[in-house]
Number of protein chains: 4
Amino acid sequence: MSPNDSTDDNELEMYGRMFVAVDMIENCQEFTSLIPEVRSNLVYSRPAPLTRNDVLAVDGRITIVQGMPRAAGKPRFGASSHMARLIIEVSRVDPSIRAGIDFANDPKIARWLEGYCRSKGWIFSSIDRRNEPEEIKEAEGASMPWKVMEAIRAAGGRVPKITYETGAVGKEPVSVLLGRDPIEVAVEVCEIARLYHAGYKP
Amino acid sequence: MSPNDSTDDNELEMYGRMFVAVDMIENCQEFTSLIPEVRSNLVYSRPAPLTRNDVLAVDGRITIVQGMPRAAGKPRFGASSHMARLIIEVSRVDPSIRAGIDFANDPKIARWLEGYCRSKGWIFSSIDRRNEPEEIKEAEGASMPWKVMEAIRAAGGRVPKITYETGAVGKEPVSVLLGRDPIEVAVEVCEIARLYHAGYKP
Amino acid sequence: MSPNDSTDDNELEMYGRMFVAVDMIENCQEFTSLIPEVRSNLVYSRPAPLTRNDVLAVDGRITIVQGMPRAAGKPRFGASSHMARLIIEVSRVDPSIRAGIDFANDPKIARWLEGYCRSKGWIFSSIDRRNEPEEIKEAEGASMPWKVMEAIRAAGGRVPKITYETGAVGKEPVSVLLGRDPIEVAVEVCEIARLYHAGYKP
Amino acid sequence: MSPNDSTDDNELEMYGRMFVAVDMIENCQEFTSLIPEVRSNLVYSRPAPLTRNDVLAVDGRITIVQGMPRAAGKPRFGASSHMARLIIEVSRVDPSIRAGIDFANDPKIARWLEGYCRSKGWIFSSIDRRNEPEEIKEAEGASMPWKVMEAIRAAGGRVPKITYETGAVGKEPVSVLLGRDPIEVAVEVCEIARLYHAGYKP
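Below, the structure is looked at part by part. Values in this document were obtained by computation on a predicted structure and should not be read as measured data. (Residues numbered from 1 in each chain as written. Chains lettered and ligands numbered in written order. Predicted model: local features only at pLDDT ≥ 70, side-chain atom pairs only at ≥ 80, totals over all residues. Heavy atoms only, no water.)

In this complex, chain C contributes 21 residues to the contact, which on the side of chain D involves 21 residues. For the pair chain C and chain D, the summed buried area comes to about 1,500 Å², and 48% of that belongs to carbon and sulfur atoms. Linking chain C to chain D there are two salt bridges. For the salt bridge of D:Arg61 with C:Glu37, the shortest nitrogen-to-oxygen distance reads 2.7 Å. (Contact = heavy atoms within 4.5 Å. Buried area = accessible area lost by both parts, 1.4 Å probe. Salt bridge = Lys/Arg side-chain N within 4 Å of Asp/Glu carboxyl O.)

Every contact between the two is made by 21 residues of chain B and, on the other side, 21 residues of chain A. Taking both partners together, chain B and chain A bury about 1,500 Å²; carbon and sulfur atoms supply 48% of that area. In this assembly, chain B and chain A are joined by two salt bridges. The interface formed by chain B and chain A holds twelve residue pairs in polar contact (both at pLDDT 80 or more) in total. Ranked by residue count, the leading element in the side of chain B that touches chain A is strand β3 (residues 62–65) of chain B, at three residues. Grouping the amino acids of the side of chain B that touches chain A by side-chain chemistry returns seven nonpolar, six polar and eight charged. (Polar contact = N/O pair within 3.5 Å; in protein donor to acceptor, adjacent residues only side chain to side chain. Helix = DSSP H or I, 4+ residues; strand = E, 2+ residues; numbered from the N terminus. Nonpolar A, V, L, I, M, F, W, Y, C, P; charged D, E, K, R; others polar.)

The next thing to look at is the pattern of salt bridges. A full pass over the atoms with the stated rule returns 84 salt bridges over all chains. The closest approach of N and O atoms between A:Lys137 and A:Glu134, which form a salt bridge, is 3.3 Å. Placement of both A:Lys137 and A:Glu134 in helix α4 (residues 134–138) is noted, with a separation of three residues, approximately one turn of the helix. Judged by its relative accessible area of 39%, A:Lys137 is partly exposed. For A:Glu134, a relative accessible area of 46% translates into the label partly exposed. The network of salt bridges with shared partners includes A:Asp23, A:Glu26, D:Asp59, D:Lys74 and D:Arg76. (Buried < 20%, exposed > 50% of the residue type's maximum accessible area, 1.4 Å probe, protein only.)

Moving on, we come to helix α3 (residues 107–120) of chain B. Two residues of an α-helix separated by three or four positions point the same way, owing to the 3.6 residues in each turn. All names here are of chain B. End to end, α3 covers 20 Å across 14 residues, agreeing with the expected 20 Å (1.5 Å per residue, within 8%). Where α3 is concerned, the buried positions are Ile-109, Ala-110, Trp-112, Leu-113, Gly-115, Tyr-116 and Cys-117. Against β6 (99–103), β7 (124–127), β8 (162–165), β9 (175–179) and α6 (182–197) lie the buried residues of α3. Its side-chain oxygen 2.9 Å from the backbone nitrogen of Lys-108, Asp-106 forms the N-cap of α3. Count one or two residues on from α3 and you reach Gly-121, which has phi positive near 70°. (Expected span 1.5 Å × (residues − 1).)

With that out of the way, let us pick up the relation of the copies chain B and chain A. Expressed as a screw transformation, the operator carrying chain B onto chain A has a rotation angle of 180° and an axial translation of 0.0 Å, and the superposed copies differ by an RMSD of 0.0 Å. Seen this way, the second copy is the image of the first under a two-fold rotation axis. Here 100% of the interface residues in chain B have copies in chain A that are interface residues too; the copies meet face to matching face. (Least-squares fit on C-alpha atoms with pLDDT ≥ 70 in both.)

As a further point, take the sheet that holds strand β1 (residues 42–45) of chain D. All names here are of chain D. Strand order in the open sheet made by the seven strands is β5-β2-β1-β6-β9-β8-β7, with mixed pairing throughout. Strands with a single pairing partner mark the edges of an open sheet, and in this sheet they are β5 (75–77) and β7 (124–127). On average, each strand axis in the sheet is inclined to that of its neighbour by 20°, with strand direction left out of account. Across three bridges, the pairing between strand β8 (residues 162–165) and strand β9 (residues 175–179) is antiparallel. Pairing of Thr-163 across the sheet is with Val-176, part of β9. Sheet strands touched by helix α5 (residues 143–154): β7 and β8. Its angle to β7, the strand with the most contacts, is close to 130°. (Pairing = 2+ DSSP bridges. Axes fitted to C-alpha atoms, helices over the stretch in contact; angles between N-to-C directions.)

Here the focus is the environment of D:Gly78. All names here are of chain D. If you trace the backbone, Gly-78 turns up in the loop between β5 and α2 (82–93). Residue class for Gly-78 comes out buried when judged on its relative accessible area of 14%. For the pair Gly-78 and Val-174, spaced 96 residues apart in sequence, the C-alpha to C-alpha distance is 21 Å.

Taking 1.5 Å as the rise per residue, helix α1 (residues 9–26) of chain B with 18 residues should run 26 Å; its terminal C-alpha atoms sit 26 Å apart, in good agreement. Among the 18 residues of α1(B), 14 are classified as buried, and the element is accordingly described as predominantly covered.

Taken as a whole, this structure holds zero disulfides over all chains when the rule is applied. Cysteine B:Cys190 remains unbridged, with the sulfur of B:Cys28 as its closest cysteine sulfur at 3.8 Å. Overall, the relative accessible area of 3% leaves B:Cys190 in the buried class. Note on C:Cys117: no disulfide assigned, nearest cysteine sulfur contributed by C:Cys190 at a separation of 16 Å. Taking relative accessible area as the criterion, C:Cys117 reaches 1% and is therefore assigned buried. (Disulfide = S-S within 2.5 Å.)

Between chain C and chain D, which share one sequence, the superposing operator has a rotation angle of 180° and an axial displacement of 0.0 Å; the RMSD is 0.0 Å. Residue by residue, 100% of the interface of chain C is reproduced at the interface of chain D, so both copies engage with the same surface.

Let us look at the sheet that holds strand β9 (residues 175–179) of chain A. Residue and element names in this part refer to chain A. Across the sheet, which stays open at both edges, the seven strands sit in the order β5-β2-β1-β6-β9-β8-β7 with mixed pairing between neighbours. The sheet is open, and its two edges are formed by β5 (75–77) and β7 (124–127), each paired on a single side. The average undirected angle you get between the axes of adjacent strands in this sheet is 20°. Where strand β1 (residues 42–45) and strand β2 (residues 55–58) come together, three bridges link them in antiparallel fashion.

On to the environment of B:Glu37. Among the secondary structure elements, B:Glu37 is positioned in the loop between α1 and β1 (42–45). Leave out the neighbours within four places in its chain, and B:Glu37 touches A:Glu37, A:Val38, A:Arg61 and B:Glu172.

All right, on to the packing of aromatic side chains then. Following the criterion strictly, the structure yields 20 aromatic pairs over all chains and no others. Consider the rings of A:Trp112 and A:Tyr196, whose centres lie 5.4 Å apart with planes at 85°: the pair is edge-to-face. In this pair, A:Trp112 is assigned in helix α3 (residues 107–120) and A:Tyr196 in helix α6 (residues 182–197), connecting sequence segments 84 residues apart. For A:Tyr196, a relative accessible area of 18% corresponds to the buried category. Consider the rings of C:Trp112 and C:Tyr116, whose centres lie 5.0 Å apart with planes at 15°: the pair is stacked. Here the residue C:Trp112 and the residue C:Tyr116 both occupy positions in helix α3 (residues 107–120), the gap between them amounting to four residues, near one helical turn. Among the residues examined, C:Tyr116 registers a relative accessible area of 2% and is labelled buried. (Phe/Tyr/Trp six-rings, centres within 6.5 Å; stacked < 30°, edge-to-face > 60°.)

Quick look at the structure:
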């Protein structure tokens, strides 16, 4: 029997990258202050994803236990719905973007992130959900394509590194950071957590 | 050294009741469909609670892992902020109410819960956060007393068994079930989950 | 439905005491050096136990994760076989003894424990498994009654606080500490771990 | 910052292979009957390992929780001592062997394994620890090189697929299965567990 009969080499490396990325986040105490009420998820998609089953995510999301970030379960394909749809939409515009994380969002964090992106030369975008057309709000699954297109449009046609979203009724707003793989995303979001927590002014 | 030097007998029984209640919920597969985006928490307060440190709660909340409810961490005093404040406010009106759980909420669930409460002879209440005065929204920590008083007022001065809340901007609405101890709360919310999931019409 | 329909009050307190005791051990870093290859288990029996299902124990035993003691699973009735049989045998001689823990054992620890017991006024006993009769070794389940009786005999007819056992072929020897409830046992074994680790000479 | 600054590509794939292998074992219910008292560990070494820090292993070993195999912690370099030393010794003889698992061992399993190896064309070896020279028993860390060399000698100079060991005083005997990577090892040991459990006669 071949060592990797049902799991091809690329998936093994995907699992390895998720494992290392989750471990980084679990060891970043400062990230707890960026975990939103809905908890964070970290996602990593196969190239050209079509459904949520093409997207690795943390089963049960990343929560806070004993004052540290804690992945509630293991990385599994299909474990995310919301963040998986986001990464699927983004990959249609820029196939190199395969990973992302959502995190907390309030006006103070938003201003900080905007300044930080400027200092890093990163594209920052924001979307105002009050602009979301009623017919899109009402159609099941239509919000995510609208949100992604709105964020890209606001960034002049490019995929933003970080997107800030205003809340809608019944929806907690989150920030999203995107990247090529989950280790890149984890390194960047942990740096943000540490600098923000330390009071660094970008 | 006495066997329970730093933990009095009542606390030992509190831990025991939380342990059994969490175990019940973790074994109720149907409850997964009632876990909101912000995840559920189960709380249990000491008599006459003053601060969150008087309230036992599940560290990291109750999330979904491998298709089952899963407590992310252990019960700990001080592990909840939102639900702890709720139970503190309620206990001022009815000191016998010491436990509660928050769970999902949409118009379909709300109608079902209202009918179910009627069939059980339970008090049902609902609050509309659009009625929340601006000065209360803006004052840190003022929303919870307003919400609890509003729910009790709408129920004719009594503490409701179940309260339904409409969402505000940036806030996911939740339902809340209250009781005397976490085992009562777990038994009741698991029965609701099973009946709702089975398509039972109250 | 009554709050505790299937779990009587004494069991709720039993769960509470196990919860608190396991938490103490998980927070005692020094105990890691006393965890044997077979791992430790902490047990707590109902009064007058007849079978392993009358004995609470840590499902999966207590192992070492990230350098700290870690209960692999939750306390469950029936989760232990070996330590459950021990506590059942002991309870026949002294019904007040309902809890125990097994931990590491080598000649150096044994000498230290003997001195420590002397300084505390505790009964210390040791058994030499080379004395175990062949017909007992070969009969399934006969070793434990022999071991318990041997330890009590060597202690002049009383149940020892701590028993030291020499290894047999294929059997890792362990030390056992007994008490009335798991909090007493946890407090005592954590004190032993801290003093032994600190180089204290009893 | 590069996506994998401190972790090279080979290590990412190593983590991925361990993750998938541990997941396979955790889902093989029949493996519980092959978990010894000392618990199982699965190890995976870097090429040409020199110390335990070159060997990935399951932190806290693989135990049994709720009737299923459960990794107590995550895979970590340095988490094993005993199995790490074994794989280091073996790799000196055959550098292609980088993974292994230890599991239960009694005369009945041993006979079964010997027959199974014959049917698969695998090399089976056994070592009798009563033959271990006294000076080796007494020298710290000397047993493992002796055991590995003894197993290879008994197998005519080749590294055996499976080795059976008789117990020594104070030592639970285990069986060991070796392979090129942890997925191969997990696939093979789970097949053994299922066939042995089903009463298959090799």
